[in-house]
Amino acid sequence: MKQKTIFFDLDDTLYDRFIPYQKAFRQFFGDRYAEKVPQAFDAVIHRGYEVFAAAHTGKISMRQMHVYRHQTGLADVGIAVTEDEALGMQALYAAQQRQITLTDTMRQVLAYCRTHFAAVGVITNGGVDSQQGKLQSLGVSQWVKPELIFISDACGVMKPAPDIFRLAERAAGTACIYVGDSYSQDVAGAAGCGWRTVWLNRRGDSPEGPAPDCMVRTEQELLEALPVLAKADC
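On a predicted model such as this, the values are computed, not experimentally measured, just so you know.

Draft legend 1. Representation of the sheet that holds strand β2 (residues 119–124) within the structure. Taking strand neighbours across the sheet as the criterion, the six strands line up as β3-β2-β1-β4-β5-β6 in an open arrangement whose pairing is parallel. The open sheet is flanked by β3 (149–151) and β6 (214–216), the only strands paired with a single partner. The mean inter-strand angle of the sheet, taken between neighbouring strand axes irrespective of direction, is 20°. Pairing geometry for strand β1 (residues 4–8) and strand β4 (residues 175–180), over five bridges, is parallel. Of the residues in β4, the one forming a bridge with Phe8 is Val179. Lying on the sheet, helix α5 (residues 104–116) is in contact with β1 and β2; it crosses β1 at an angle near 155°. Across the sheet, helix α9 (residues 183–191) touches β4 and β5 (196–200), and the angle it forms with β5 is around 165°.

Draft legend 2. Examining unusual backbone geometry more closely. Following Lys159, the chain continues into Pro160 via a peptide bond in cis, with omega recorded as 10°. Locating Pro160 in the fold gives a position in the loop between α7 (152–155) and α8 (162–172). Positive phi, close to 70°, is recorded for Asp12, a residue that is not glycine. The topology assignment puts Asp12 in the loop between β1 and α1 (18–29). The phi dihedral of Tyr33 is positive, around 60°, even though this residue is not glycine. Among the structural elements, Tyr33 can be located in the loop between α1 and α2 (37–56). Relative accessible area serves as the criterion here: at 27%, Tyr33 is assigned to the partly exposed category.

Draft legend 3. Representation of the pattern of salt bridges within the structure. Throughout the structure, instances matching the rule amount to 11 salt bridges. The salt bridge involving Asp16 is made with Arg203; its shortest N-O contact spans 2.7 Å. One end of the pair, Asp16, is in the loop between β1 and α1; the other, Arg203, is in the loop between β5 and β6, and 187 residues separate them in sequence. Judged by relative accessible area, Asp16 falls into the buried class, the value being 17%. Among the residues examined, Arg203 registers a relative accessible area of 35% and is labelled partly exposed. With a closest N to O distance of 3.7 Å, Arg63 and Glu83 form a salt bridge. Within this pair, whereas Arg63 is found in helix α3 (residues 62–76), its partner Glu83 is found in helix α4 (residues 83–97), the two being separated by 20 residues in sequence. By relative accessible area, which is 44% here, Arg63 ends up partly exposed.

Draft legend 4. Molecular detail of the layout of surface pockets. What the largest pocket holds in volume is close to 650 Å³. Contributing to the lining of the largest pocket are 32 residues, with Asp11, Gln97, Ser130, Gln131 and Lys134 lying nearest its centre. Contributing elements (two or more residues each) for the lining of the largest pocket: α2, α3, α4, α6 (128–138) and α9. The residue inventory of the lining of the largest pocket, partitioned by class, reads seven nonpolar, 15 polar and 10 charged. Reported here for the second largest pocket is a volume of approximately 370 Å³. In terms of lining residues, the second largest pocket is bounded by 19 residues, among which Ile45, Tyr49, Asp181, Arg203 and Asp205 are the most central. Mapped onto the lining of the second largest pocket, the elements with two or more residues apiece are α2, α9 and β5. By residue number, the principal contributor to the lining of the second largest pocket is α2, which donates five residues.

Parameters at a glance
Residues numbered from 1 in each chain as written. Predicted model: local features only at pLDDT ≥ 70, side-chain atom pairs only at ≥ 80, totals over all residues. Heavy atoms only, no water. Pairing = 2+ DSSP bridges. Helix = DSSP H or I, 4+ residues; strand = E, 2+ residues; numbered from the N terminus. Axes fitted to C-alpha atoms, helices over the stretch in contact; angles between N-to-C directions. Contact = heavy atoms within 4.5 Å. Buried < 20%, exposed > 50% of the residue type's maximum accessible area, 1.4 Å probe, protein only. Salt bridge = Lys/Arg side-chain N within 4 Å of Asp/Glu carboxyl O. 1 Å grid on protein atoms, 1.4 Å probe; cavity = no way out; pocket = protein on both sides within 12 Å on 5 of 7 lines; lining within 4 Å. Points joined across faces, edges and corners; volume = space filled by probe spheres on them. Nonpolar A, V, L, I, M, F, W, Y, C, P; charged D, E, K, R; others polar.

Encoded structure:
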């Protein structure tokens, strides 16, 4: 049986971004708007995607991106904040992201992958310092090879462009599987390079194209799917 390398996305895959966002939101607003936290999170993440590429290619500053995503995203759910307040919310969110941890189930996922796959890697969009800081907080070094960590700002290309997957594939030297939460960036990007794909669809979204090879809703479902993925031909 040909061994395979399994790569993971970082944000909303190895950890759930809603958890640090919810903590930051409650720090900032207290009990106000408590019922709006899930909608606010979805809106802020969506607005961030709108300007992510512009910020990471220097077309706008990171400050402008942070103001835009928090100010506009919160406005989408009826919460008005100033620019300074948007930056304050970003500071709290960033601080909470430095405290993220793996769940026990995700630890089991990574431990299984380290034993049953050729290697484990990460492909993530984002800044080098921020993404490396998250990986360090999560403590993934015991499972993930450092030479198989690909961060878009370091590679000069971001998902879903094929170049970043090709870089990872050459480094792995094996057939590859990709696990990610975003259909457009993760599933479509990896599938376009001929990789098998696993969609960790935490929010229950509808696919925007052909179905992934495997779709799971929870980390537990992902853990249960791994034996089949490890044995499947690529």
